[in-house]
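Descriptive analysis of the structure
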Amino acid sequence: MNSENDTICAIATGTGSAGIGIVRLSGPESVAIADGLFRGKRRIRDLKSYTAAYGQLVRQTEGKEELLDEVVVLVMRAPHTYTTEDVVELSCHGGPLVLKRVLSAVMQAGARMAEPGEFTKRAFLGGRIDLSEAEAVMDVIASGNERALDASLQQLRGGLSKEISGLREKILYETAYIESALDDPENYSLENYPEHLRPLLSDWNDRIGKFLSSVNEGRLMREGIRTAIVGRPNAGKSSILNLLLGEERAIVTEIEGTTRDTLEESAVIGGVQLVLVDTAGIRETGDVVEQIGVKRAREAADTADLILLVVDAAKALSTEEEQLLYDLAEQDRLGETGGNAPLILLLNKNDLDTVITKEETEKALENAGIRREYRILEISAATGNGKTELAEAVQSLFFSGKLEDSQERYLLNSRHEEALSEARAALGRVRESLDAGVGEDFYTIDLMAAYEALGKIIGETLEDDLADKIFREFCMGK
Ligand code: GDP
């Protein structure tokens, strides 16, 4: 059985070869274990917290001292460490074999292999970080774009925790007040209390609503915006794809139908990640109508978060392209799933003499009856002109505010969403009780339910095994 008092160890750095690799220890025996393996001018056990020593790691094999590696050892003493326990980091040479050997010596000396995320779990159990901050640790590591990184760093610094805790405090205060008034009516009055509570409820509800509305933003930040590039052959889809990828990854030729195998690629523009779906399909061949991509566009619109419709602005809009617009409009009208994906219509090849204007395109969209959000942009895949505007359009369609003013942006996940919805429902029941004019004791139960639900976000109210489940998703050594 693994115990929480064990001294744990893991290779904390990546698996490949690198300049440096770190074996990390945490727990009561960390310093003693490192001290036993270390040979240098100073003893590890004499080091002050946050100081390092240079020397060799050795182990006894068949009565002889075996050299393991030349290292720098960093000692961090409880409680001011990542885990709140004694932590030692052995900076070794970054080769897989040398790290494995050091790790096995550390284990021989009494440490046990850490489970994934166990260091962070100890930080949580030690009370140094709450659950939403622990999740942010993983999000920081997994961030694939600036925006996600920015938001997860905010969350790691406790931004979300502070807001949730503030809200909980207010709810708790009112609950305590009601309870006191019911116990001690001589000193606490509940006269006109519903009038006092009503505006508070609506304020809390708004705040929770604001968090909930950013859950989708969180998903788009974390996973990227699933983007379908559609349009007729030779409109410049591959060239736009290249422009987004920033290198010649898609093969552009004069011959139609050059296929590529890759199914999904991802590009970061303006700090936002686009996951380009079905990029191989860009070069699909088939019958003429299919080449225009009407069906494909419609299918893509079902699963994508964003549609980039590439049009050759040096040619008049074709009937097929108009048909495509009608198709998307029909999707809007029927309220089909894909109807939510905004459309960016790219008037490509604007380095040439163009025949389609923005105004005409706008009219075409109007005539077709497009209801979803859209933008029309002039661009040149050949010169890169218009790429910045494209980045801005994506930002404005998906994210409120610019990357710089990211003060209140967190990476909410479905676990947070569930807790927030639960809290909102509980507050809704309080309002119903107010409307029904029932006694105050009726709604303290629901106020407490909202309080508890919000507590799940930061891990104050912990359901069984929840923490374990979350930390299991972590990588080794973190
Ligand atoms: P796709 O069939 O939609 O993927 O179109 P391609 O990206 O293969 O482009 C078709 C042709 O148009 C190629 O010869 C490209 O070099 C050319 N092309 C694409 N974008 C531009 C552009 O912005 N300006 C100019 N002048 N030519 C372009």
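As shown above, the structure is provided for reference.
Quick caveat: nothing in here was measured; it's all calculated off a predicted structure. Going along each chain's sequence as written, the residues are numbered from 1 onward. Predicted model: local features are reported for residues with pLDDT of at least 70 only, side-chain atom pairs are reported and counted for 80 or more only, and whole-chain, interface and lining totals are derived from all residues. Working from all heavy atoms in the structure, the side-chain values ignore hydrogens and water.

1. Topic: the pairing of strand 4 (residues 51-61)
Rules: Two strands pair under a simple rule: DSSP has to find at least two bridges between them. Note on conventions: DSSP H or I runs of at least 4 residues are helices, E runs of at least 2 residues are strands, and numbering of each starts at the N terminus.
Pairing of strand 3 (residues 38-40) with strand 4, which is carried by three bridges, proceeds in the antiparallel orientation. Counted as the bridge partner of Arg39 is Gln56 from strand 4. Where strand 4 lies against strand 5 (residues 64-76), eleven bridges are found, and the strand directions are antiparallel. By the bridge assignment, Leu57 is partnered in strand 5 with Asp69. The turn linking strand 4 back onto strand 5 is made up of two residues, and Glu62 within it adopts a positive phi angle of 50°.

2. A look at the packing of helix 12 (residues 319-334) against helix 13 (residues 358-368)
Stated formally: The angle between two axes is taken between their N-to-C directions and runs from 0 to 180 degrees, where each axis is a line fitted to C-alpha atoms and a helix contributes only its stretch in contact. Orientation categories follow fixed angle ranges, with anything under 35 degrees roughly parallel, anything over 145 roughly antiparallel, 65 to 115 roughly perpendicular, and all other angles oblique. By definition, any crossing whose near helix is turned counterclockwise from its far helix by less than a right angle is left-handed, and any crossing with a clockwise turn is right-handed. Two residues qualify as a contact provided that any one of their heavy atoms is within 4.5 Å of a heavy atom in the partner residue. When residues are grouped by polarity, Ala, Val, Leu, Ile, Met, Phe, Trp, Tyr, Cys and Pro land in nonpolar, Asp, Glu, Lys and Arg in charged, and all others, Gly among them, in polar.
Closest axis-to-axis distance for the helix 12/helix 13 pair is 8 Å, and the angle between their directions is 50°. Taken together, the axes of helix 12 and helix 13 are oblique relative to one another. In this structure, helix 12 crosses over helix 13, and the sense of that crossing is right-handed. The segment helix 12 lies against helix 13, with Leu325, Tyr326 and Ala329 engaging Ala364, Leu365, Asn367 and Ala368. Split by residue class, the contact of helix 12 with helix 13 holds six nonpolar, one polar and no charged.

3. Things to note about a negative patch on the surface
Inclusion rule: Only residues above 30% relative accessible area that lack a salt bridge enter a patch, with like-charged residues linked at up to 9 Å and the nonpolar side chains Val, Leu, Ile, Met, Phe, Trp and Tyr linked at up to 5 Å. Working definition of accessibility: Shrake-Rupley area with a 1.4 Å probe, residue cover restricted to the visible protein chains. Salt bridge criterion: a side-chain nitrogen from Lys or Arg within 4 Å of a carboxyl oxygen from Asp or Glu. Counted as positive: Lys and Arg. Counted as negative: Asp and Glu, with His and the chain ends omitted from the count. Taken as the charge centre is NZ of Lys, CZ of Arg, CG of Asp or CD of Glu, depending on the residue.
Residues Glu359, Glu360, Glu362, Glu366 and Glu378 make up a contiguous surface patch of negative charge. Mapped onto the secondary structure, Glu366 falls in helix 13.

4. Comments concerning the packing of aromatic side chains
Think of a pair of aromatic rings as described by two things: how far the centres are apart, and how the planes are tilted against each other in angle. Our working rule: Pairing of aromatic side chains requires ring centres within 6.5 Å, counting the rings of Phe and Tyr and the six-membered ring of Trp. Pairs whose planes differ by under 30 degrees are stacked, by over 60 edge-to-face, and all others tilted. Each residue gets one of three labels from its accessible area relative to the maximum for its type: buried under 20%, exposed over 50%, partly exposed in between, using a 1.4 Å probe on protein chains only. Two limits define a charge over a ring: the Lys NZ or Arg CZ must be within 6 Å of the ring centre, and within 35 degrees of the ring normal.
Taken as a whole and assessed by the stated rule, the structure comprises two aromatic pairs. A ring pair is formed by Tyr177 and Tyr188, whose centres lie 5.8 Å apart and whose planes are at 90°; its orientation type is edge-to-face. Here the residue Tyr177 occupies a position in helix 6 (residues 159-183), and Tyr188 occupies one in the loop between helix 6 and helix 7 (193-213), the gap between them amounting to eleven residues. An angle of 10° between the planes, with centres 6.0 Å apart, marks the rings of Tyr177 and Tyr193 as stacked. Linking Tyr177 in helix 6 with Tyr193 in helix 7, this pair joins segments that are 16 residues apart in sequence. For Tyr177, a relative accessible area of 23% translates into the label partly exposed. Take Tyr193: its relative accessible area is 3%, and that puts it in the buried class. What links up through ring pairs into an aromatic cluster is the set Tyr177, Tyr188 and Tyr193. Above the ring of Tyr451, the side-chain terminus of Arg168 is found at 3.9 Å from the ring centroid.

5. Quick word on the pattern of salt bridges
Summed over all chains, the structure comprises 23 salt bridges. Residue Asp305 pairs with Arg219 through a salt bridge whose shortest N-O separation is 3.0 Å. Highlighted residues: Asp305 in the loop between helix 11 (294-303) and strand 11 (306-312) and Arg219 in helix 8 (residues 215-223), separated in sequence by 86 residues. Among the ionic pairs, Asp446 bridges to Arg429, the shortest N-O distance being 2.9 Å. One end of the pair, Asp446, is in helix 16 (residues 440-458); the other, Arg429, is in helix 15 (residues 414-436), with 17 residues separating them in the sequence. With relative accessibility at 13%, the residue Asp446 sits in the buried group. Since its relative accessible area comes to 37%, Arg429 is described here as partly exposed. By sharing partners, the salt bridges in this structure join Asp6, Glu85, Arg112, Glu118 and Arg122 into a single network.

6. Here's the deal with the pairing of strand 13 (residues 374-378)
Quick reminder of the rule: Here, the term right-handed applies to a crossover whose path from the first strand over the helix to the second runs clockwise when the strands point away from the viewer.
Across five bridges, strand 12 (residues 343-348) lies against strand 13 in parallel orientation. Note that in strand 13 the partner of Leu345 across the bridge is Ile376. Tracing the backbone out of strand 12, into helix 13 and back to the parallel element strand 13 gives a crossover that is right-handed.

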